[in-house]
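# Working through the structure, step by step
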Amino acid sequence: MIDQWFGKVKWDKLWDATLETLYMTSISVTATFIIGLILGMILYLTSKGNLWEHALVNGVFSFIVNVFRSIPFIILIVLLIPFTRILVGSMLGANAALPALIIGAAPFYARMVEIALREINKGVIEASQAMGASNWDIIRKVLIPESLPALISGITVTAIALVSYTAMAGVIGAGGLGHFAYLEGFQRNNSQITLVATVVILLVVFFIQWMGDYFTNKTDKR
């Protein structure tokens, strides 16, 4: 029965493609979390009425975030081809997808970080200032801990989006399950491979969502 339904699936290549997808996702999620957190912090802290209020800085970073967040991912990959070739040396393989994945997802997550920080009660920040806490103390001991559940929830949503981005990147040769499904499944008219690759992607997404929900609930003090 298994051979009848999945006899045409190249399991060794499926395993390699899965590892490539997990590699691209884990690296890009880590980089997106760090860069997005920094950008989101800058957007929040330099906005009106906050610790580092600065209209010019806020406007510049807001413009940059809005521009890169608005570009469709498949177009962003094409636009970044010269930069990717300089950085990685090739447009093929898992590493070649990383610049576009990170640049495409970090601005998206930055806005989520900004929204999460805006939801913090201003009274908590004012109380910390009244007790003599420095700006860095407020960032480390108030802003990040208070917004942590929302930050985790946001990176979970972003990570799931990145899985779909890796599939799109695979279509133009970046490797992973998207490349495997397109090259071995679609182009060779092998629906078994396309189906199995889709199921594996779904399992990866379900696992990411479960992990995100688990850590969100663990850090939620409400």
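Here goes a summary of the coordinates provided. Along each chain, numbering runs from 1 in the same order as the chain's sequence is written. This being a predicted model, a pLDDT of at least 70 is required before a residue's local features are given, and a value of 80 or more before pairs of side-chain atoms are given or counted; all residues contribute to the totals for chains, interfaces and linings. The side-chain figures draw on all heavy atoms in the structure; neither hydrogens nor water molecules are used.

## Regarding the environment of arginine 69
Secondary structure elements are taken from DSSP: a helix is a run of H or I of four residues or more, a strand is a run of E of two residues or more, and numbering for both begins at the N terminus. Looking at where arginine 69 falls in the secondary structure, it is placed in helix 3 (residues 55-70). A sequence separation of 41 residues divides arginine 69 from alanine 110, and the C-alpha atoms of the two residues are 9.5 Å apart. When checking whether two residues touch, look at their non-hydrogen atoms; a contact exists if any pair is within 4.5 Å. Once residues within four sequence positions are removed from consideration, arginine 69 is found in contact with Pro107, Phe108 and Arg111.

## Examining the packing of helix 5 (residues 81-88) against helix 6 (residues 94-118)
Relative placement of two packed helices is described by the angle separating their axes and the distance separating the axes. Where helix 5 meets helix 6, the closest approach of the two axes is 9 Å, and the angle between their N-to-C directions is 125°. The angle between helix 5 and helix 6 falls in the class oblique. Along this stretch, helix 5 crosses helix 6, giving a crossing that reads as right-handed. From helix 5, Phe83, Thr84, Leu87 and Val88 reach across to helix 6, where they touch Asn95, Ala96, Pro99 and Ile103. Here the contact of helix 5 with helix 6 is built from residues that sort into six nonpolar, two polar and no charged. Where helices are involved, their axes are fitted lines through C-alpha atoms of the stretch in contact, as for all axes, and angles between N-to-C directions lie from 0 to 180°. In this scheme, roughly parallel covers angles under 35 degrees and roughly antiparallel covers those over 145, while 65 to 115 is roughly perpendicular and the rest are oblique. Working rule for handedness: look at the near helix, and if it is turned counterclockwise from the far one by less than a right angle, call the crossing left-handed; if clockwise, right-handed. Note on residue categories: nonpolar means Ala, Val, Leu, Ile, Met, Phe, Trp, Tyr, Cys or Pro, charged means Asp, Glu, Lys or Arg, and polar means any other residue, Gly included.

## Section: the packing of helix 2 (residues 11-45) against helix 10 (residues 191-219)
Closest axis-to-axis distance for the helix 2/helix 10 pair is 11 Å, and the angle between their directions is 35°. Taken as a pair, helix 2 and helix 10 cross one another with a handedness that is right-handed. For the pair formed by helix 2 and helix 10, the contact residues are Trp11, Leu14, Thr18, Leu22 and Thr25 on the first element and Val196, Ala197, Val200, Val204 and Ile208 on the second. Of the residues contributing to the contact of helix 2 with helix 10, the split by class is eight nonpolar, two polar and no charged.

## Considering the environment of serine 26
Within the secondary structure layout, serine 26 lies in helix 2. For the pair formed by serine 26 and valine 163, sequence separation is 137 residues and the distance between their alpha carbons is 9.6 Å. Two N or O atoms count as a polar contact when they lie within 3.5 Å, although within protein this holds only if one can serve as hydrogen donor and the other as acceptor, and sequence-adjacent residues are included solely when both atoms are side-chain atoms. Here leucine 22 takes part through its backbone oxygen, which lies 2.9 Å from a polar atom of the side chain of serine 26. In terms of polar contacts, serine 26 uses its side chain to reach the backbone carbonyl oxygen of tyrosine 23, at 3.0 Å.

## Observations regarding a nonpolar patch on the surface
Residues enter patches when their relative accessible area tops 30% and they take part in no salt bridge; the joining distance is 9 Å for like charges and 5 Å for the nonpolar side chains Val, Leu, Ile, Met, Phe, Trp and Tyr. The accessible surface values rely on the Shrake-Rupley method and a 1.4 Å probe; as for residues, cover is taken only from the protein chains in view. The salt bridge criterion pairs a side-chain nitrogen of Lys or Arg with a carboxyl oxygen of Asp or Glu, the two atoms within 4 Å. On the surface, Leu56, Val60, Phe63, Ile64 and Val67 cluster together into a nonpolar patch covering about 460 Å² of accessible area. Tracing the sequence through the fold places leucine 56 in helix 3.

## Details of the pattern of salt bridges
Using the criterion set out here, one finds three salt bridges in the structure. As a salt-bridge pair, arginine 118 and glutamate 114 come within 2.9 Å of each other at their nearest N and O atoms. Of this pair, arginine 118 and glutamate 114 both sit in helix 6, four residues apart, which is roughly one turn of the helix. Each residue gets one of three labels from its accessible area relative to the maximum for its type: buried under 20%, exposed over 50%, partly exposed in between, using a 1.4 Å probe on protein chains only. Using a relative accessible area of 46% as the deciding quantity, one classes arginine 118 as partly exposed. Here aspartate 137 ties to arginine 140 by a salt bridge, and the two come within 2.7 Å at their closest N and O atoms. Note that aspartate 137 and arginine 140 are positioned in helix 8 (residues 135-171) at a spacing of three residues, about one turn of the helix.

By themselves these figures say nothing about function.
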